[in-house]
Amino acid sequence: MDKIKILVVDDESRMRKLVRDFLVREGFEVIEAEDGERAVDIFFQDNTISLIILDVMMPKMDGWSVCREVRQYSKVPIIMLTAKGDERDELLGFDLGVDEYIAKPFSPKILVARVSAILRRSNVLEEGKFEIGGLVLDQTAHEVLIDGKSIELSFKEFELLSYFVENKGVALSRERILNNVWNYDYFGDARTIDTHVKKLRSKMGEKGEYIKTIWGMGYKFEV
C-alpha cells in the first residue's frame, strides 16, 4: 500500500524536521520545500501529493502566493502555518481556500491529528482505517497489517487493539478497557485483559512494545 504523501513548506529547517518527524512516525511520506517557488515546482511535478502544510512568511514566494497558484489548478487540502494570530490573515486564508489554519507555536501532535481529520474528510484516509508506526488497522475489512504483512487476531484481540489505537496516547484503566471492550455485562476480572494483551503483544512482534504497561492502573498505546 502506497504511503500518503504530504508536502511540508517552511523556510526554517528545524520546523520542517519537527513536522516531518511526527508525520513519518504516523506512517506518512513527507516531501520538503524551503521556499514558495520550490514548493510550486514540486507540487506541479508530483501529482500524488495528498496535502500541503504551508508556512505564510517565506522568501521568494510567500504562502498566500503559493496557495493562489495551487488553487488555480487543484483542490488539494492545505494547512496554513503562521506566526501571526491576526484574524485578517485567517480570513484571507479561508478566502483563498485554506482548509485549516494553525498559529505557531503549535503542538505537533495536534497538527498530525488535524492532518488525519482533513484526509478523512477528503476521503484520502478511509473511515475506520488507522495507520500508525508501521501498523495498519482496517476496521471495515477486520484486518491488521504490520510492515505490510497480515497478522491473525481473534475477534476480541482485534477489538482490543482497535480500542488501543483509537485512544492512542491515553492512559486506560483495566476497568475502562473491560467496560468498553468486554461491555458492562461481562463478569470477568483484570486477568482477562492481561492475558489478551500478552497474546496481542506476542502476535504484534516488535510492534507489541507500542502497548505500554502502566503499573497499578492499566495500559497505554504509544508509538
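Heads up: the structure comes first, above all this text.
Computed from a predicted model, the values in this text were never measured in an experiment.

## Focus on the side chain of Asp138
Next up, step 1: Topologically, Asp138 is positioned in strand E7 (residues 135–138).
Next up, step 2: For Asp138, a relative accessible area of 11% corresponds to the buried category.
Next up, step 3: A polar side-chain atom of Asp138 sits 3.1 Å from the main-chain amide nitrogen of Ala141.
Next up, step 4: Once you skip the residues sitting within four places of it in the chain, Asp138 turns out to touch Gly128, Lys129, Glu143 and Phe158.

## Quick look at the packing of aromatic side chains
Next up, step 1: Tallying each qualifying case throughout the model produces four aromatic pairs.
Next up, step 2: Between Phe43 and Phe44 the ring centres are 5.3 Å apart and the planes differ by 80°, which places this aromatic pair in the edge-to-face class.
Next up, step 3: Note on Phe43: relative accessible area 9%, which makes it buried.
Next up, step 4: Here the aromatic rings of Phe164 and Tyr219 are separated by 6.3 Å at their centres, their planes lie at 70°, and the arrangement is edge-to-face. With Phe164 in helix H6 (residues 155–166) and Tyr219 in strand E12 (residues 218–221), this pair connects stretches of sequence that are 55 residues apart.
Next up, step 5: A relative accessible area of 0% means that Phe164 is categorised as buried.
Next up, step 6: Residue classification places Tyr219 among the buried residues on the basis of a relative accessible area of 4%.
Next up, step 7: Here the aromatic residues Phe43, Phe44 and Tyr73 are joined through ring pairs into a cluster of three or more.
Next up, step 8: If you follow Arg25 out to its NZ or CZ, it ends over the ring of Phe22, 4.7 Å from the centre.

## Description of the pattern of salt bridges
Next up, step 1: Taken as a whole, this structure holds 17 salt bridges when the rule is applied.
Next up, step 2: When the shortest N-O distance is used, the salt bridge between Asp10 and Lys104 registers 3.0 Å. Of this pair, Asp10 sits in the loop between strand E1 (5–9) and helix H1 (13–25) while Lys104 sits in the loop between strand E5 (100–103) and helix H5 (108–121), placing them 94 residues apart in sequence. Accessibility classification places Asp10 together with Lys104 in one group, the buried group.
Next up, step 3: Arg114 serves as the salt-bridge partner of Glu100, at 3.5 Å between the closest nitrogen and oxygen. With a gap of 14 residues between them, Glu100 in strand E5 and Arg114 in helix H5 connect regions that are remote in the sequence.
Next up, step 4: Connected through salt bridges with shared partners, the residues Arg16, Lys17, Arg20, Asp21 and Glu32 form a single ionic network.

## Notes on the nonpolar core
Next up, step 1: Leu135, Val144, Leu161, Phe164, Ile177, Met204 and Phe221 are the most contacted members of the largest nonpolar core, which has 26 residues in total.
Next up, step 2: Taken together, the elements giving at least two residues each to this core come down to E7, strand E8 (143–146), H6, helix H7 (174–182), helix H8 (190–204) and E12.
Next up, step 3: The element best represented in this core is H6, accounting for six residues.
Next up, step 4: Beyond its immediate sequence surroundings of up to four residues, Met204 is in contact with Leu135, Ile146, Ile151, Leu161, Ile211 and Phe221.
Next up, step 5: Counting residues in each nonpolar core, the second largest holds 24 residues, with Ala39, Val40, Val56 and Tyr101 among its members.

## Quick look at the environment of Ile151
Next up, step 1: Structurally, the position occupied by Ile151 is in strand E9 (residues 149–151).
Next up, step 2: Residue classification places Ile151 among the buried residues on the basis of a relative accessible area of 18%.
Next up, step 3: When the C-alpha atoms of Ile151 and Met204 are compared, they prove to be 7.6 Å apart, with 53 residues separating the residues in sequence.
Next up, step 4: With near-sequence residues (within four places) excluded, Ile151 lies in contact with Val144, Ile146, Lys203 and Met204.

## Description of the sheet that holds strand E6 (residues 129–132)
Next up, step 1: If you trace the four strands from one edge of the open sheet to the other, you get E6-E7-E8-E9, paired in antiparallel fashion. Every other strand in the sheet has two partners, leaving E6 and E9 as the edge strands with one partner each. Each adjacent strand pair in this sheet contributes to an overall mean axis angle of 20°, direction not counted.
Next up, step 2: Note that E6 and E7 share four bridges and pair antiparallel. The partner of Glu131 across the bridge, within E7, is Val136.
Next up, step 3: With respect to the sheet, H6 is in contact with E6, E7 and E8, its orientation differing from that of E7 by roughly 115°.

Scoring rules and cut-offs
Residues numbered from 1 in each chain as written. Predicted model: local features only at pLDDT ≥ 70, side-chain atom pairs only at ≥ 80, totals over all residues. Heavy atoms only, no water. Helix = DSSP H or I, 4+ residues; strand = E, 2+ residues; numbered from the N terminus. Buried < 20%, exposed > 50% of the residue type's maximum accessible area, 1.4 Å probe, protein only. Polar contact = N/O pair within 3.5 Å; in protein donor to acceptor, adjacent residues only side chain to side chain. Contact = heavy atoms within 4.5 Å. Phe/Tyr/Trp six-rings, centres within 6.5 Å; stacked < 30°, edge-to-face > 60°. Lys NZ or Arg CZ within 6 Å of the ring centre and 35° of its normal. Salt bridge = Lys/Arg side-chain N within 4 Å of Asp/Glu carboxyl O. Core = buried A, V, L, I, M, F, W, Y, C linked by side-chain atoms within 4.5 Å. Pairing = 2+ DSSP bridges. Axes fitted to C-alpha atoms, helices over the stretch in contact; angles between N-to-C directions.

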